[in-house]
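Coordinates in review
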Amino acid sequence: MSKTLTYLFDPLCGWCYGASPALASIVESTGVGLELLPTGLFAGHGARPMDMSLASHAWTNDQRIEEITGQIFSLTYRDQVLCNLHQPMDSTAATLALTAVAQTQPQREFEALQRIQRARYVDGCNITELATLCELLRSLGLCDAATRLQAATPELHAATNQRIGRACTLMNELSARGVPGFVIQDDGEQRLLPSSMLFSQPMHFARQVCGISQAELDNLL
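Keep in mind that what you see is a predicted model, and the values were worked out from it rather than measured.

So, about the layout of surface pockets. Its volume calculated, the largest pocket comes out at about 240 Å³. Taken together, 18 residues line the largest pocket, and the ones lying closest to its centre are Leu12, Gly14, Phe42, Asn61 and Met89. Going through the elements one at a time, helix 1 (14-30), helix 2 (52-69), helix 3 (75-82) and helix 5 (109-121) are the ones with two or more residues in the lining of the largest pocket. Of the residues that constitute the lining of the largest pocket, the class distribution is twelve nonpolar, three polar and three charged. Leu34, Glu35, Leu36, Ala102, Pro106, Gln107, Glu109, Phe110, Glu111 and Arg163 are the residues that line the second largest pocket. For the lining of the second largest pocket, the elements supplying multiple residues, two or more each, are strand 2 (33-38) and helix 5.

Laid out in structure tokens, this is it:
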């Protein structure tokens, strides 16, 4: 299949974490190519300090995501991440880490994203710190990416900003609002898919990705 599904996301977006299992299943079963583009929602100027109001809002939202998707938001995450007012809501380091993976082993970027998400939402790790992320990448065997992240060169920052710029341009062109966002590209044409469908009707979402009939989709899956 020559189609590409562009995934617009932020590593600190709870809904993006909730979408990961369904997205992984669709990519594996349909064979569609997956391109990751971080939007910078909570990176750079989008970062914000953590306070009790934000922590409470996030935890309430996270419980809803867990109920809908089955993804775990642990008490360890609540206590060590959300209730740690010294840990900002800042995805800059995680976004840099994923760019480093994209530069070295791009086929493993989605895997790295899933592991970073799990580190935060299940293990309660501080993924706003480069040291934590370097250790995580090395544990996955992504040593070249870890080395690049540790160096955090201006070139890595520039490449990350370029990816964020591409994501923002694409969102503006297609009037996409928020993340997760999904854009299917086929023979030079691109269209925005309804992200809510991935949660409520994943098989119909897969059909939209493939552009095939339900019977053909059943045969694929």
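Still more ground to cover, so stick around.
What follows covers the sheet that holds strand 2. Strand order in this open sheet of four strands is 2-1-3-4, and the pairing throughout is mixed. Lying at the two open borders of the sheet, with one neighbouring strand each, are strand 2 and strand 4 (189-193). Here the strands of the sheet are splayed against their neighbours by 25° on average, with no regard to which way each runs. Pairing analysis gives six bridges linking strand 1 (residues 4-9) to strand 2, with the strands arranged parallel. By the bridge assignment for strand 2, Thr4 is matched with Gly33. Taken strand by strand, helix 5 contacts strand 1 and strand 2, and its axis lies near 55° from that of strand 2. Running at roughly 100° to strand 2, helix 8 (residues 154-174) makes contact with strand 1, strand 2, strand 3 (181-186) and strand 4 of the sheet.

Moving on: helix 2. Because an α-helix completes one turn every 3.6 residues, residues spaced three or four positions apart along the sequence face the same direction. Counted at 1.5 Å a residue, the expected span for helix 2 with its 18 residues is 26 Å, and the 25 Å between its end C-alpha atoms agrees. Leu54, Ala55, Ala58, Trp59, Asp62 and Ile65 are the residues of helix 2 that are buried. Buried positions in helix 2, seen along its axis, are confined to an arc of 125° and lie on one side of it. Seen from the buried face of helix 2, the exposed residues on the opposite side, beyond 90 degrees, are Met52, Ser53, His57, Thr60 and Glu67. On its buried side, helix 2 packs onto helix 1 and helix 3.

This part covers the packing of aromatic side chains. Scanning the entire structure with this criterion turns up eleven aromatic pairs. Ring geometry for Trp59 versus Tyr77: centroids 6.1 Å apart, planes at 40°, classification tilted. Taken together, the residues span a long stretch of sequence, with Trp59 in helix 2 and Tyr77 in helix 3 at a distance of 18 residues. Each member of the pair, Trp59 as well as Tyr77, is classed as buried. With a centroid separation of 6.1 Å and 55° between ring planes, the pair formed by Phe73 and Tyr77 is classed as tilted. Judged by its relative accessible area of 3%, Phe73 is buried. Its relative accessible area of 1% is what places Tyr77 among the buried residues. Positioned above the aromatic ring of Trp59 is the side chain of Arg78, whose terminal nitrogen or guanidinium carbon lies 5.7 Å from the ring centre.

What counts and how
Residues numbered from 1 in each chain as written. Predicted model: local features only at pLDDT ≥ 70, side-chain atom pairs only at ≥ 80, totals over all residues. Heavy atoms only, no water. 1 Å grid on protein atoms, 1.4 Å probe; cavity = no way out; pocket = protein on both sides within 12 Å on 5 of 7 lines; lining within 4 Å. Points joined across faces, edges and corners; volume = space filled by probe spheres on them. Helix = DSSP H or I, 4+ residues; strand = E, 2+ residues; numbered from the N terminus. Nonpolar A, V, L, I, M, F, W, Y, C, P; charged D, E, K, R; others polar. Pairing = 2+ DSSP bridges. Axes fitted to C-alpha atoms, helices over the stretch in contact; angles between N-to-C directions. Contact = heavy atoms within 4.5 Å. Expected span 1.5 Å × (residues − 1). Buried < 20%, exposed > 50% of the residue type's maximum accessible area, 1.4 Å probe, protein only. Arc of directions from axis to C-beta. Phe/Tyr/Trp six-rings, centres within 6.5 Å; stacked < 30°, edge-to-face > 60°. Lys NZ or Arg CZ within 6 Å of the ring centre and 35° of its normal.

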